[in-house]
Amino acid sequence: MMEELLSTQEELNHQSLQTKWRLMVLISQCALLILFLPIPLVTPKPIDRLIHIDATSFQFTPAEIKVNQGDRVTIEFVSTDVVHGISIDGYDFQLTSDPGQPVTGTFVASWPGMFRFRCSVACGNLHPFMIGKLWVGPNLILIRGVLLGILAVVAAIFSLKKSKVLKTGKTS
Amino acid sequence: MNRLDLTRTRWTNFLIRNRWPQFLIRAITLAGFIFTILAGLLGSVVGSHNFAIIFVWIAWWTALKLFFIPFGGRSWCSICPIPMPGEWIQNGGILQPRGKNFGLGKRWPKFLRGRWLQAGGFMLVGLFGVITLTSPSVTSIVLLIILLLAFVLALVFERRSFCNYLCPIGGFTGLYAQAAPVEVRVKNPEICSTHAQKSCYEACPWGVYPLALKSSANCGLCMECLRVCPSDNLAVNLRPWGSDLGPETKHSLDEAFLGLVMVSSALMDSAIFLGPWGQLKMAAYAIGTGSWFLFAGLFLVIALMLVPGIYTLAVWIANKLGEQKMNLRKALAHQSQVLVPLGLTAWIAFTISFALAKFSYVLPVVSDPFGWGWNLLGTVAKPWVGQSTLTSMLLQVIVLALGLFWSSRVAIKISGSLKQALPMIVFSAMTMVGMLWLLIG
């Protein structure tokens, strides 16, 4: 009798472990889909844009820029106090301006997402934090992040659904 | 749950029990600490060219959040140089176990106990963070004050009073050590209960009695209890992450306050250091001016009113939805466990964005620590401008999602029902979305 009970218990434990693994694989697959599934988007027709950016210790004006994917973006960059530079994360784009001397550079906004632009010339104590943001098209990674968050909550609920925790409030 | 006792393996047992390996590492960290103070005081005023700024705020601060805490809990505390000089005086020797020697040995005042002062210290770091993180001399002065304060307090008060009640980093590591996969615990409680001498408690610089140890928040992993136990009854266990979080563990209101300060600070630092708002950065930097007071007011409103207010509301609703009601004070303390994985992952995500983009500064300052134009190791080259890559953004998304998964699980585990856990899950989700927006939005 005792042996029978023990073997039933073992079988139940085995089944519960299998279910947990299946759940983990399913959640991992969903997470990968959310992170990497290509999302077909209707992108507006690319246009040429001229954007003027002023650099003053330790801020860019404007510090937030939105363009569409594929746009040909010309940056007119001028420093208003000391020498400043601008470089955009993920793009091979860099300009340096002496005070009052505008410089221009052009790049094609090929990659979608949010990119920080930074001062590329040491300009003072807050130089490492002189940052702006460029959005190219919709910020898909933010959307993916929110969806992954929803999956995380669902996964947390399901991972404890069959355990004693939800029934008794005690850890299994 | 399963545990792997490191004292059962010969070489790890040797490394843990022998005082020499730990002393050698601490001697190196103490030398590095003093060198950092000197570099900050004597070296270049440009932060990116000074060892003090790059090593404290880029290398060490990053290592603490990405390595020491997630994998070793309070392992940094076990090699921290700050309490060393005071402890040598207290113990009357460098490799001595704790004993009654020099110092007044007074007990820390009861009304100052808990994590309140550590939380206050961490808020001060946030309020003056921009100047501390960018000025080598200010960093050095802060380190020097901490070193002197720890020394003086060791002469007046017993054990590691500074670490236990004042050190903001001690508060940070202690809080998140509850989630870490390392613990010191007794092997067989019955052996301890029959041992009248309590030599482990006498030897513990943290004032912890291992038999009563239920949470790793207060254990500094110094290993002194293992070294003096006559029955070899203490284990250093590797354990599943988050083992100290659950319905049975006890938590206090000061822990909740500390957890909220940490979450608020992660949000504020993300806005200040990684956001595009130049005026916010300038205000945080211009200490003593009207704009700084405005910034300080905003910081304090967020850290002391807004985030704690939303948290209190979530706990209050959760308490109302529960079958067994507890008073609000107890509920605030009990639910604070949710803040542990939430805050830890928020800080890790912030660090990925903040420090990894600036890691290129580390090698040049090793070669020229004072910024005097040296090139000792030939690694001085113009550091590349740091970038947030798509990989680092994906990593941040994954870390924050894991944090939400973990905190939601903790919320469900410590609540009586899913319905009761929902307000805390919503609070966690709001924090996660806030961090996402600040870091990659």
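Residues numbered from 1 in each chain as written. Chains lettered and ligands numbered in written order. Predicted model: local features only at pLDDT ≥ 70, side-chain atom pairs only at ≥ 80, totals over all residues. Heavy atoms only, no water.

As for helix α14 (residues 253-274) of chain B
Relative to the 32 Å expected for 22 residues at 1.5 Å per residue, α14 of chain B spans 31 Å between its end C-alpha atoms, a close match to the ideal helical length. The buried count for α14 of chain B comes to 21 of 22 residues, which makes it a mostly enclosed element. (Helix = DSSP H or I, 4+ residues; strand = E, 2+ residues; numbered from the N terminus. Expected span 1.5 Å × (residues − 1). Buried < 20%, exposed > 50% of the residue type's maximum accessible area, 1.4 Å probe, protein only.)

Digging into the sheet that holds strand β7 (residues 103-108) of chain A
Residue and element names in this part refer to chain A. The 4 strands lie next to each other as β2-β1-β4-β7, forming an open sheet whose pairing is mixed. Both edges of this open sheet fall to β2 (59-61) and β7, since each of them pairs with a single strand only. Averaged over all pairs of adjacent strands, the angle between their axes in this sheet comes to 30 degrees, without regard to strand direction. The pairing of strand β1 (residues 48-56) with β2 spans 3 bridges and is classified as antiparallel. The residue bridging Thr56 from the neighbouring strand is Gln59, located in β2. (Pairing = 2+ DSSP bridges. Axes fitted to C-alpha atoms, helices over the stretch in contact; angles between N-to-C directions.)

Some thoughts on the packing of helix α2 (residues 140-161) of chain A against helix α20 (residues 390-414) of chain B
A pair of packed helices can be characterised by two numbers: the angle between their axes and the separation between those axes. Where α2 of chain A contacts α20 of chain B, the two axes come as close as 8 Å, and the packing angle between them is 30 degrees. Here α20 of chain B runs roughly parallel to α2 of chain A, going by the angle between their axes. At the point where α2 of chain A passes α20 of chain B, the crossing takes the right-handed sense. Between α2 of chain A and α20 of chain B, the residues in contact are Ile141, Gly145, Leu148, Gly149, Ala152, Val153, Ala155, Ala156, Ile157, Ser159 and Leu160 of chain A and Leu390, Met393, Leu394, Val397, Ile398, Ala401, Leu404, Phe405, Ser408, Arg409, Ile412 and Lys413 of chain B, respectively. Its residues assigned to classes, the contact of α2 of chain A with α20 of chain B shows 17 nonpolar, 4 polar and 2 charged. (Parallel < 35°, antiparallel > 145°, perpendicular 65-115°, else oblique. Left-handed = near helix turned anticlockwise from the far one by under 90°. Contact = heavy atoms within 4.5 Å. Nonpolar A, V, L, I, M, F, W, Y, C, P; charged D, E, K, R; others polar.)

Points about unusual backbone geometry
All names here are of chain A. With an omega of 0 degrees, the peptide bond running from Ser57 to Phe58 counts as cis. Relative to the assigned elements, Phe58 resides in the loop between β1 and β2. In this model, Thr61 is joined to Pro62 through a cis peptide bond whose omega is -5 degrees. Looking at the secondary structure, you find Pro62 in the loop between β2 and β3 (64-67).

Observations regarding the packing of helix α16 (residues 290-321) of chain B against helix α17 (residues 328-335) of chain B
Residues and elements named next belong to chain B. Running from N to C, α16 and α17 cross one another at 110 degrees; their axes reach a closest spacing of 10 Å. In terms of orientation, α16 lies roughly perpendicular with respect to α17. Between α16 and α17, the residues in contact are Tyr311, Thr312, Val315, Trp316, Ala318 and Asn319 and Leu328, Ala331, Leu332 and Gln335, respectively. In terms of residue class, the contact of α16 with α17 is made up of 7 nonpolar, 3 polar and no charged.

Structural notes on the domain arrangement of chain B
Residue and element names in this part refer to chain B. Segmenting chain B into domains produces domain 1 (4-112 + 137-177) and domain 2 (253-440). Computed from C-alpha atoms alone, the centre-to-centre distance between domain 1 and domain 2 is 24 Å. Tallying the contact residues gives 25 residues for domain 1 and 25 residues for domain 2. Between domain 1 and domain 2, a total of about 2200 Å² is buried, with carbon and sulfur atoms accounting for 81% of that surface. Put simply, domain 1 and domain 2 have 0 salt bridges between them. In this assembly, domain 1 and domain 2 are joined by 4 residue pairs in polar contact (both at pLDDT 80 or more). Put simply, the parts of the chain that give the side of domain 1 that touches domain 2 at least two residues each are α2 (19-42), α3 (51-72) and α10 (168-177). Class assignment for the residues of the side of domain 1 that touches domain 2 results in 17 nonpolar, 7 polar and 1 charged. (Domains from an automatic or database assignment. Buried area = accessible area lost by both parts, 1.4 Å probe. Salt bridge = Lys/Arg side-chain N within 4 Å of Asp/Glu carboxyl O. Polar contact = N/O pair within 3.5 Å; in protein donor to acceptor, adjacent residues only side chain to side chain.)

With respect to the state of the cysteines
All names here are of chain B. Enumeration over the complete set of coordinates arrives at 0 disulfides over all chains. In this model Cys167 remains outside any disulfide bridge; the closest cysteine sulfur is found in Cys163, 6.2 Å from its own. Residue classification places Cys167 among the buried residues on the basis of a relative accessible area of 13%. (Disulfide = S-S within 2.5 Å.)

Brief notes about the environment of Ala296 of chain B
Inspection of the secondary structure assignment puts Ala296 of chain B in helix α16. Expressed as a C-alpha distance, the spacing of Ala296 of chain B and Leu127 of chain B, which sit 169 residues apart in the sequence, is 6.2 Å.

Examining the interface of chain A and chain B
Opposite the 44 residues of chain A that make contact, chain B presents 50 residues. Of the roughly 4100 Å² buried between chain A and chain B, counting both surfaces, carbon and sulfur atoms make up 68%. For the chain A face of the interface with chain B, the top three residues by lost area are Asn125, Phe129 and Ile141 of chain A, together amounting to 16%. On the surface where chain A and chain B come into contact, there are 0 salt bridges. Tallying contributions element by element places α2 of chain A first for the side of chain A that touches chain B, with 13 residues. A breakdown of the residues in the side of chain A that touches chain B according to their chemical character gives 24 nonpolar, 14 polar and 6 charged.

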